[in-house]
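Listed here are the chains, written in short residue letters.
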Amino acid sequence: MGSGNNRSQGPGNEPEEEPTTEDQISEGETPRSRTRQFEPGQNTPYPPRRQTRQFETDQRPRRNAPREVDTDYNPRRRQARPYETEQRATRRTRSSDDYDDEPPRRRAQRRRRQSAWPAILGGCAIGILLVVVAAVVVVFIALRSTQSGLPGIGNIPGVGGGSSQTFQHKDVQTVPMTTLSSLQVCDKIGTISIAVDPTAPSGQVQVKTTKIVHAANDAAANQEFSRITIEAQPPTGITNPLACTRTVPTPTSPGTSGSSTPATPTTGNSALVVNVTFPDSTGLVNTASDVVDMQITFPANLAAATSSATPLFLNVQDALGDINIDGLQGVLAVKGSSGNIKVTRAMLLSGSDIETGQGNVTFNGSLLLPTDTTASATYILQSEQGKLDVTLPLNTAVILDASSNVGSIQGSDFTINIKGNGGPATYRGALNSGASLKAVLTLDVSIGDITLHKAA
């Protein structure tokens, strides 16, 4: 007798013979479809196993079998269209023979990953180029500052820690003259003052100048002073090119007969030219900070009389700065680009033109009219952007041609009818009764007001 795990010997309990492969696998069966069966209560040599569900060979679902498509309406899913059912069934039931006729599919190439080295090398090259350019600029400025006295590297904002200082150099030139019939003043930056001084020495013209520069030290300032030249000579004695660029209109004089006749500015010993030449500022560094202020005075008996055949002809041009003229009589051609112009105690002859680009124009004086009422005469006061303030005697008999594109015209001291005040304001007509139709005073402003006053 053995343990319960051993099979008992005896009739009916003989060990079963293992079936052969032919006996075990019958037709329509597979080795996995059969399992050994034991009677209830029969001892088994191993624990009972979970019985699996047996499938017949024809009952197994085929992997590539066509899927049945339910064409009935189902509210929970989209109803398949007939053509989709056919396409799906056809797509899934294609045999392997159908693929033999198709060309082999091309395998998609894998996208190569781009390298970051080109971008890194390009950025390094740009950085090196910028460093080289900055070094060249610094070297260039250093050479210019040592050779030409320009502000050094320490005075350039953002480069170094130095600071520039303002230096002035004053000078006086005396030009002996017996008669002054023509005066030409050319400056680029600075204030110009021209006046008749009763206390000035007789028979000479004084030209007082003040040079203003910005430099790091006295040595650099003196070197810059030497590079600014101021010439006060007759026209034939000027060596440097004139800074004046404006073409001056031909002046006219009343003449002895009372009619206006052309007058040519004198070029002999009675003519004086004051010309300011700044150092060359072309290139990388601009020396526009240099300034030259000048004051020109002469006695009243030195200026040519307005009744002479060649009255005083004044030509002043200043690009940046104010212009002040006091006590002159003659043909005044004054041009300023950016700055105010003030003319006081003056008498204008025909052909006078006073104008500025940006700034105010103030005139307090009179107009010398031709004695012949049929003779033409023109007087112009103009500002592109600024104000015109004009004071004239009450009996000034001229045709007034005033206009302001953006501004107003105020002339309450005179009986004039202004049109369009507050917008484009214009007036053209006689300033007083008995005005000559040939003598015209033009007051023109693009942006600004025009104000007329009666002299006291």
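Figured I'd write up the structure that's included with this text. (Residues numbered from 1 in each chain as written. Predicted model: local features only at pLDDT ≥ 70, side-chain atom pairs only at ≥ 80, totals over all residues. Heavy atoms only, no water.)

Take the overall build of the protein next. Helix and strand counts for the protein stand at 5 helices and 22 strands. Per-residue burial over the protein gives 35% buried out of 456 residues. Relative to all contacts within the protein whose residues are 6 or more apart in sequence, the contacts with residues 24 or more apart total 67%. Surface exposure of the protein reaches about 28800 Å², of which carbon and sulfur atoms provide 51%. (Helix = DSSP H or I, 4+ residues; strand = E, 2+ residues; numbered from the N terminus. Buried < 20%, exposed > 50% of the residue type's maximum accessible area, 1.4 Å probe, protein only. Contact = heavy atoms within 4.5 Å. Areas by Shrake-Rupley, 256 points an atom, 1.4 Å probe, with all protein chains shown as cover.)

Mapping Asn432 onto the fold places it in the loop between β20 (425-430) and β21 (439-447). Within polar-contact distance, the side chain of Asn432 engages the backbone oxygen of Leu394 at 2.4 Å. Only 2.8 Å separates the side chain of Asn432 from the backbone oxygen of Thr396, close enough to count as a polar contact. When neighbours within four sequence positions are excluded, Asn432 is seen to be in contact with Leu394, Asn395, Thr396, Val398 and Phe414. (Polar contact = N/O pair within 3.5 Å; in protein donor to acceptor, adjacent residues only side chain to side chain.)

It is worth spelling out the nonpolar core at this point. One finds Ile194 and Leu443 to be the most contacted residues of the largest nonpolar core, which totals 69 residues. Sequence-distant contacts of Leu443, defined by excluding residues within four places in its chain, comprise Leu381, Leu388, Val390, Leu400, Asp401, Ala402, Ser403, Ile450 and Leu452. (Core = buried A, V, L, I, M, F, W, Y, C linked by side-chain atoms within 4.5 Å.)

Tallied over the entire structure, the rule returns 4 salt bridges. Its salt-bridge partner being Lys335, residue Glu355 comes within 3.3 Å of it at the nearest N-O pair. Placement of Glu355 in strand β14 (residues 352-358) and of Lys335 in strand β12 (residues 329-338) is noted, with a sequence separation of 20 residues between them. Between Asp401 and Arg428 there is a salt bridge, and its shortest N-O distance comes to 3.2 Å. You can see Asp401 sitting in strand β18 (residues 399-406) and its partner Arg428 sitting in strand β20, a full 27 residues away along the chain. Here Asp401 falls in the partly exposed class, since its relative accessible area comes to 26%. (Salt bridge = Lys/Arg side-chain N within 4 Å of Asp/Glu carboxyl O.)

All right, on to the pairing of β21 then. As paired strands, strand β16 (residues 377-385) and β21 are joined by 8 bridges and run parallel to one another. The partner of Gln385 across the bridge, within β21, is Ile447. Across 7 bridges, β18 lies against β21 in parallel orientation. Opposite Ser404, over in β21, you have Val445 as the bridge partner. (Pairing = 2+ DSSP bridges.)

All right, on to the environment of Glu231 then. Mapped onto the fold, Glu231 is located in strand β5 (residues 229-233). When the C-alpha atoms of Glu231 and Gln173 are compared, they prove to be 9.0 Å apart, with 58 residues separating the residues in sequence. When residues no more than four places from it in sequence are discounted, the contact partners of Glu231 are Gly237, Ile238, Thr239, Asn240, Val273, Val274 and Asn275. One polar contact links Glu231 to Thr239, side chain to side chain, over a distance of 2.7 Å.

None of the figures reported here should be taken as evidence of function without further support.
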